[in-house]
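So the chains spell out like this:
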Amino acid sequence: MPGSPVSEAVLGGLNLAQKEAVLATDGPVLILAGAGSGKTKCLTHRLAYIVAEGKAETNEILAITFTNKAAQELAGRIVNILGLSLQDFQRNPNLFTRRYLPWVGTFHSICVRILRAEHEQLGLPKSFTIFDSDDSLTLTRGIIRNLGYDPKQISPNAVRSVISGAKNELLSPEDYSKYVQGYFQQVALEVYRKYQRRLVELSALDFDDLIMATVKLLEQFPEVRAKYHQQFKYVMVDEYQDTNHAQYRLTALLTNPKSQNLCVVGDDYQSIYGWRGANFQNILNFNRDFPASKVYKLEQNYRSTKNIILGAAQVVERIKRRSEKKLWTDNEEGPPISVYEASNAYAEAEFVATEIRGLKGYGHNWNDFAVLYRTNAQSRILEEIFLSQGVPYRLVGALRFYERKEVKDLLSYLRYLANPGDTHSFERAINTPPRGIGPKTLEKGGEKVDKFKDDMEQIRTQAASLTPVEILEKVLAFSRYKSFVDDGTPEGEGRVENVEELVNLASEFESLDEFMEHVTLISDVDNYDARADAVTLMSMHASKGLEFTVVFLAGCEEGLFPHMRALEEEAEMDEERRLCYVAMTRARKRLYLTLARQRVIHGGLTNTIPSRFIREIDQNLLDMI
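This is a predicted model, so every value here is computed, not measured.

A. Structural view of empty space enclosed by the protein. Applying the stated criterion to the full structure yields two cavities of 30 Å³ or more. Put simply, the largest cavity is a space of about 60 Å³. Looking at the lining of the largest cavity element by element, the count peaks at three residues for helix H17 (residues 306-316). Looking at the lining of the largest cavity residue by residue, the classes come out as six nonpolar, no polar and three charged. Approximately 30 Å³ is the volume found for the second largest cavity. Elements supplying a minimum of two residues to the lining of the second largest cavity: helix H28 (570-584) and helix H29 (612-615). Residues that form the lining of the second largest cavity fall into these classes: eight nonpolar, no polar and no charged.

B. Quick look at the nonpolar core. By size, the foremost hydrophobic cluster in this structure holds 40 residues, and its most contacted members are Leu372, Leu553, Met584, Leu591 and Leu593. Among the secondary structure elements, those contributing two or more residues to this core are H17, strand S9 (337-342), strand S10 (369-373), strand S13 (548-553), H28, strand S14 (587-596) and H29. Ranked by residues supplied to this core, first place goes to H28 with seven residues. Lining this core are residues from two domains, each supplying at least three of them: domain 1 (5-119 + 210-298) and domain 3 (306-392 + 533-624). Among residues more than four places away in sequence, those in contact with Leu372 are Met538, Ser539, Met540, Ser543, Val551, Phe552, Leu553, Ala554, Ala583 and Arg586. Among the nonpolar cores identified, the runner-up in size contains 39 residues, and Leu32, Val112, Ala213 and Val215 belong to it.

C. Focus on the domain arrangement of the protein chain. Segmenting the protein chain into domains produces domain 1 (5-119 + 210-298), domain 2 (130-202), domain 3 (306-392 + 533-624) and domain 4 (402-524). One C-alpha centre belongs to domain 1, the other to domain 4; they are set 49 Å apart.

D. The packing of aromatic side chains, seen in detail. Per the counting criterion, the structure on display carries 22 aromatic pairs. In this structure an aromatic cluster arises from ring pairing among Tyr413, Tyr416, Phe426, Phe452 and Phe478. Positioned over the ring face of Phe280 is Arg578, at 4.3 Å from the centre of the ring.

E. Layout of the sheet that holds S13. The strand order S11-S12-S10-S13-S14-S9-S17 describes an open sheet built from seven strands, whose pairing is parallel. The open sheet has two edge strands, strand S11 (393-396) and strand S17 (622-624), and neither has a second partner. On average, each strand axis in the sheet is tilted by 25 degrees relative to the strand beside it, whichever way the strands run. As paired elements, S10 and strand S12 (residues 535-539) share four bridges and run parallel to each other. Residue pairing in the sheet places Tyr373 in a bridge with Ser539 of S12. Of the strands in this sheet, S9, S10, S12, S13 and S14 touch helix H18 (residues 345-360), which is tilted by about 155 degrees from S14.

F. View of helix H13 (residues 222-231). Those residues of H13 that fall on the buried side of the exposure criterion are Val224, Tyr228 and His229. Projected down its long axis, H13 carries its buried residues within an arc of 140 degrees, all on one side. If you follow the buried residues of H13, they end up packed against helix H7 (107-117), helix H12 (207-220) and helix H14 (245-254).

Conventions adopted
Residues numbered from 1 in each chain as written. Predicted model: local features only at pLDDT ≥ 70, side-chain atom pairs only at ≥ 80, totals over all residues. Heavy atoms only, no water. 1 Å grid on protein atoms, 1.4 Å probe; cavity = no way out; pocket = protein on both sides within 12 Å on 5 of 7 lines; lining within 4 Å. Points joined across faces, edges and corners; volume = space filled by probe spheres on them. Helix = DSSP H or I, 4+ residues; strand = E, 2+ residues; numbered from the N terminus. Nonpolar A, V, L, I, M, F, W, Y, C, P; charged D, E, K, R; others polar. Core = buried A, V, L, I, M, F, W, Y, C linked by side-chain atoms within 4.5 Å. Buried < 20%, exposed > 50% of the residue type's maximum accessible area, 1.4 Å probe, protein only. Domains from an automatic or database assignment. Contact = heavy atoms within 4.5 Å. Phe/Tyr/Trp six-rings, centres within 6.5 Å; stacked < 30°, edge-to-face > 60°. Lys NZ or Arg CZ within 6 Å of the ring centre and 35° of its normal. Pairing = 2+ DSSP bridges. Axes fitted to C-alpha atoms, helices over the stretch in contact; angles between N-to-C directions. Arc of directions from axis to C-beta.

Here it is in structure tokens:
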């Protein structure tokens, strides 16, 4: 039981469920924390309580988060609770955290620290190099070329994704070879082998190796494992539902098997990263892995109104494989969830902008509002309408539509077709996708340059009798640009969606000059200030962990949200449901679900069906505007 005045202070302000979870310091503990239930508060107070009670020093507690931002937030709160120097922390948070909370960090940062200390066991120099994502991609691309493959045919991004996926499952090239099927995977295996050999030659590890190598170290050297069992009296892991197999295995290896002082915090309802290897089963199987575990449920939501909580629960409760918990709140009932069906995507964006402007008159700031969408390509129309109505906005987690590389690439083709004297656009277009034309060849000219000019001249001649969308389709066919950007990764899928959205936009104009004039004017961002008070536009995935007073979920239509690829796959649909739950519970006071009766898809106007998620919410909770 709590004893010291510091302990009493640590427990102050906690509700009963939070307090019980904080006091359960020994043995395996699972904290199932619903959206807005004070998860971070519970985690920080638990760590502070362990220190205040003298159960462990700060350097004897391992606390793992998923992002550096979360680690900094965790450290800042602990500093505040324990009465350490907040001024020193704010002056240099990284230095302060390393000094006073050395084992609070991300999976990767913890692994780097362990590997630097134990480098000799694995034959690594202490100063081994860490390859970031760009380094890894560059190396992968070089190996593909060296093996005699064309990077335009064998996508470096796709191969890199395969290698990363194998490492997240702790599969070496030899292990992975047992699962290889088909030509592409055979090539990926060949690249994986060369890639790993090259990393060894360079005394380098990539991000995935950091965890894989640490797992190998702890598995192969019992004395090293015992050292860290002694070092870490307590282990805590945040967002446990987002762990992949490698992170799951690492957590088990770092936990002392005698004391089993492992506390994991998370919410399977908010597991939305399956596409990058996260396995929500890890949190559901915690009781199986640790039969003596105690389970605490944080079910009181402090963020949202009763109506929002009830609506979100009705969507997620249709998932069969999930934990049992019931979110509730003492907050007001609040207004019903508003549903607005617009005639088309422009009318939908007009409604959102107009509604925001109207609500702002009731004392809100622009940054009280967020518009969330399933795919980043949806931002284009919202951006245009917001600009036309003078609604300031900031785009989070993505470039503004007209700043995205694939959009700029294709616009360079159209600008060159419209103006043969535009050398800037010509120089961008001629090597996108790459055609082996370097600066010297470009300057001197030659067969490749002449052929590109001739091909473009043919399209320019035809363009006089074509619509903008037909011209763009010809450019796409000529350049094979979709194949170039569609590398089989989620990022590649996003790039294709942006290309499709540009095609949709082109279909709205009758002449190329009109289309290019529109694009040039609408993409003028001289007056954009990211630091200003502004409405937030972001994907639903990027919104996790955030909250806003008023939230709009745009594009609530079958095939868009839930996404098309989830319509025939139960596991994918379950993930879409969890994503809907996450998105809905970002709202504090008001929630809007908007959709378009018709939407331009692949350049053609298509009738839509309202999202099943709207139909699954009790009609008494909805206000059909």
